[in-house]
Structure formats: C-alpha cells, structure tokens
Amino acid sequence: MSIQTADFDYVRTLLRERAAIVLEPGKEYLVEARLLPVARSFGCEGLGDLVRRLRFGGEAPLVTRVVEAMTTNETSWFRDLHPFDALATRVIPDTLRVRAGERRLRMWCGAASSGQEPYTVLMVLAEKFPELAGWTIDFLATDISSEMVAKCNAGRYSQLEMNRGMPTPLLLKYFERDGLDWKVRDELRKRVTFRTMNLAAPWPSLGTLDVVFLRNVMIYFDVPTKRSILAGIRRVLRPGGWLFLGSAESTLGLDDGFERVTEGKAVVYRNRKD
Amino acid sequence: MKALIVDDSRAMRMILARTLKELGFDAVEALHGGDALEQIAVCGPFDLALVDWNMPEMDGLEFVRHVRGTHCADSMRIVMVTTESEAERVAAALAAGADEYVMKPFTKDALSSKLEIIGLALP
C-alpha cells in the first residue's frame, strides 16, 4: 500500500504546480490515505498505477480529482452528525443495560486519524451519560500513522480545525486555548488510549468489545481485505455489539454476520447473536 | 432562506455573500450593527445573521444583545464570524445570545457545518 518515493515526488510536484500546495517529505501517509480511494474509483490497481496514468496522459478529470482529494480536509468533529445521535439514543443505552453488572464499557476506534472522532465520542458520553462516571471505560483509538497518533495524543487543534463541526458550547467546555490553538482538556484526553495499528496486518489482542468505530477507512481496502477486517471485528465484538461504518460503507455482500440496524437517520451494524 | 451579513469589511462581505449563495441563501449586507437593525426593520425577517465583532457605531456583541434584548428578530439565528478567538470572548458572545461562533479564517465547509449544528442546513 505504501507509495514509492518517485511517485510521491511526482504527486508533490503536481500539487505544487496545480494548487500551490507544498507537501513536505514525510507526508507519504497523507498521499496514501487521500489518493487510494481515487485510485480505486478510477480503476487503478494502486497508487503506482494511478501515478503512471497521471504521468502518461494525465486526463483532466483524474488530475482534478487528485488535486481535490489532496486539498479537501475530510476530518471534522461530529462528522455526519447522525451516527453520534444513534450512539446516544440506541447504542450506549443498550450497552448500559447489557453491561450493568460489570459496569464496564469497552470501545475501539480503528481509524482515529487526527483524533476528532474519538474525542467526539467522549464528548457525547460526557454530555449524555453522566451515570458512566462510576463505570470503567476502556477506549482504544488506533491509526496506521504514528504522526496521527502523536497528534491525537497532543490533542491540539488549530482554529481552522475547531471550526469544522464543533458546537461552540462544547468547545468552551472541553478545550482550552493553547497559543493560537485549542487543546483538549486533560479530563477528556485521559479517557482514551491512542496507539498505532495497521488494520491490514495481524491485529494485537483487543479483548471483547461493546462498540467499534471503523468509519471511512474500509474504502481504502480491496474486497478480500474488507472481508478479513469485518471477520476480525466479529471476533472481537461481543454478540449484540455495535459497529459504526462510514456513510458510504456497508457490510452488504462482504459479511453476513452483521445485522443492519436503522436508528434515526443513521445505520449501525450489530454482531448477530447466533 | 434569507441571511443578513453584518461586517464593515467589504472584502469579507463579498466572501460571505458568495459562500452563503453557494449554500442556498439570499443575502443582504449591512455595514455595522446599526445598519443591520435598519435592514431587519426594512427587509426582515431573516433566518440567519452572520455578524462580525469589531465594527464602527454598533459592534457585533452590542448588536446581538440588542436583538435578543428587544426581541426584534427572535427567530433569527445569529452566528458570530470574527477574528476574536479568546475563550472569554467566545463565551461572552454565546451568553449574549449568539447561537454559534466561527473563528476567522474559516472555510465554506466549516460555516456549513456550523449552520447544520443550529438546524439551518439546506437540503
């Protein structure tokens, strides 16, 4: 999946010429993350194939899509809104009932990116479920990029990043100013553990989970890898446990072990109990 | 839906007007808080006001306090769009009755996400 140096340099030059974007060496992960979906949608076998087509031909729609993919920041707080409503109205209430005995909630976010999603989940829990104060919450958030994991751990975001989807009352409650940036308050930050993890490599032990977030990452993988990841999730998700996927993703045709549940305007997947 | 842009910078009014048009709003412009109150009286009601903080005659915070205090446009959602970014300032704007707060610089996506938060997303 990793990009060759010459291909990365070609993409850097293209972006500089077309969009005046300066991409520093070391941003290979960003190119990979942004351009793999483009490569797939244009029928390319991988990033090497995509860059080959850019070099020889460079058809306008492909160049445009590449530039757009590299310039659009898809990460935001409360991304798509509805999954977080479903988390509050269905998934957590159900989990509270199931886990009332041990008072322990175990969650995993498998595509943490720069941290907006796991921190959003924690804000939903803190705002809507004060009764969780007496519970043990194990929340692991992973990403393939060590640079992203470092950013998650730092919990520091620019004003541009904070503008994207963050309700202002929550900004004031859970963040503090740090120079020109905003920083997640420790009370929220200490409730999640960030670690690197490659979904396409053998997984470390994750224990038995109640809720899994794997949003907007399956689009990067081919069908056999998607199947392998979904099978892996079923193995670590308790029967009746919940899986969140991105709005353009589904288990349909990939894995029959999940039940599709509509909650409000969101779709959530549930590990079948049988 | 109708929007009111309140900003003393012509360049910023143009940027906001273009962004709002792309988001499906018809926008009217005002140069400061006092001008905005006249626009509300003449062209209102508005669904949304995007309000700068630092302006001559009547600044953004004063405008928000006036609108909320006099109930002259209760249904109008107010979003502050400003370079003021200290937590105390943000808190003061919300306490005065602003519904949301956008810190400059911002992107169209960011503004759109804030409008969605306050229930003004267009289909």
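Coordinates for the structure precede this section.
Just so you know, these numbers come straight off a predicted model, no measurement behind them. (Residues numbered from 1 in each chain as written. Chains lettered and ligands numbered in written order. Predicted model: local features only at pLDDT ≥ 70, side-chain atom pairs only at ≥ 80, totals over all residues. Heavy atoms only, no water.)

### Some words on the overall build of chain A
Summing up its helical and strand segments, chain A has 11 helices and 10 strands in all. Taken against the 2.2 N^0.38 rule, which gives 19 Å for 274 residues, the C-alpha radius of gyration of chain A at 19 Å falls within 12% of a compact globule. Taken over the C-alpha atoms alone, chain A extends approximately 60 × 50 × 35 Å along its principal axes. Every one of the 274 residues in chain A was classed for burial, and the buried ones make up 51%. (Helix = DSSP H or I, 4+ residues; strand = E, 2+ residues; numbered from the N terminus. Rg over C-alpha atoms; globule rule 2.2 N^0.38 Å. Buried < 20%, exposed > 50% of the residue type's maximum accessible area, 1.4 Å probe, protein only.)

### A few points about the overall build of chain B
In terms of regular secondary structure, chain B is built from five helices and five strands. In chain B, the succession of α and β elements from N to C terminus is β-α-β-α-β-α-β-α-β-α. Here chain B has a C-alpha radius of gyration of 13 Å; the compact-globule value for 123 residues is 14 Å, and the two agree. C-alpha atoms of chain B, sized along the principal axes, occupy 35 × 30 × 25 Å.

### Here's the deal with the sheet that holds strand S6 (residues 193-196) of chain A
Residues and elements named next belong to chain A. One open sheet accounts for seven strands, arranged S6-S2-S1-S7-S8-S10-S9; its pairing is mixed. Lying at the two open borders of the sheet, with one neighbouring strand each, are S6 and strand S9 (258-263). In this sheet, neighbouring strand axes are inclined to one another by 25° on average, regardless of whether the strands run parallel or antiparallel. One ladder, built from two bridges, connects strand S8 (residues 237-245) with strand S10 (residues 266-271); its direction is antiparallel. Bridging from a neighbouring strand, tryptophan 242 pairs with arginine 270 of S10. Helix H5 (residues 82-98) contacts strand S1 (104-109), strand S7 (209-214), S8, S9 and S10 of the sheet and is inclined by roughly 170° relative to S8. Taken strand by strand, helix H7 (residues 146-154) contacts strand S2 (136-143) and S6, and its axis lies near 170° from that of S6. (Pairing = 2+ DSSP bridges. Axes fitted to C-alpha atoms, helices over the stretch in contact; angles between N-to-C directions. Contact = heavy atoms within 4.5 Å.)

### Notes on the side chain of His32(B)
All names here are of chain B. Along the polypeptide, histidine 32 turns up in the loop between strand S2 (26-30) and helix H2 (33-43). What makes histidine 32 buried here is its relative accessible area of 12%. Polar side-chain contacts of histidine 32 include one of 3.1 Å to the backbone nitrogen of aspartate 35. (Polar contact = N/O pair within 3.5 Å; in protein donor to acceptor, adjacent residues only side chain to side chain.)

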